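Letter by letter, the chains look like this.
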Amino acid sequence: MGTDQATPLYDPEDLGRPPRPLPDCATCRKLGKLREAAQVAYDRSAETDANVLLRQHQLQEHRA
Ligand SMILES: [Zn+2]
């Protein structure tokens, strides 16, 4: 315990570049939590699902 904050939120090798939730967006936060929960549970398919949802949402709502 105590080193939790040094743990990356996502595996950088997963899908190249996983989307980053925007802290100001409720949907991003929701999907980010979903992905975190999946990572904690080592549920790779749920984690991928959350990444896909997050990426789709960001493409629609946060197109850069
Ligand atoms: Zn968002």
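Above this text sits the structure in question.
Residues numbered from 1 in each chain as written. Predicted model: local features only at pLDDT ≥ 70, side-chain atom pairs only at ≥ 80, totals over all residues.

**Q** Please give an account of unusual backbone geometry that cites residues and values.
**A** Phi is positive for Tyr-42, close to 55°, though the residue is something other than glycine. As for its position among the elements, Tyr-42 is in the loop between helix H1 (26-40) and helix H2 (44-61). (Helix = DSSP H or I, 4+ residues; strand = E, 2+ residues; numbered from the N terminus.)

**Q** Got a sec to walk through the environment of Leu-59? Specific residues and values, please.
**A** With respect to the helices, strands and loops of the structure, Leu-59 is situated in helix H2. You can call Leu-59 exposed: it has 11 C-beta atoms within 10 Å. Each C-alpha atom, one on Leu-59 and one on Pro-19, is 9.9 Å from the other, the two residues being 40 residues apart in sequence. (Buried ≥ 20, exposed ≤ 12 C-beta atoms within 10 Å, placed from the backbone.)

**Q** Outline the packing of H1 against H2, listing residues and values.
**A** Across the interface, H1 lies against H2 with an axial gap of 8 Å and an inter-helix angle of 165°. Classified by the angle their axes make, H1 and H2 are roughly antiparallel. Considering only the axes of H1 and H2, their crossing is left-handed. Facing H1, whose interface residues are Thr-27, Cys-28, Leu-31, Gly-32, Leu-34, Arg-35, Ala-38 and Gln-39, H2 presents Ala-46, Glu-47, Ala-50, Asn-51, Leu-53, Leu-54, His-57 and Glu-61. A class-by-class count of the residues in the contact of H1 with H2 yields 8 nonpolar, 5 polar and 3 charged. (Axes fitted to C-alpha atoms, helices over the stretch in contact; angles between N-to-C directions. Parallel < 35°, antiparallel > 145°, perpendicular 65-115°, else oblique. Left-handed = near helix turned anticlockwise from the far one by under 90°. Contact = placed C-beta atoms within 7 Å. Nonpolar A, V, L, I, M, F, W, Y, C, P; charged D, E, K, R; others polar.)

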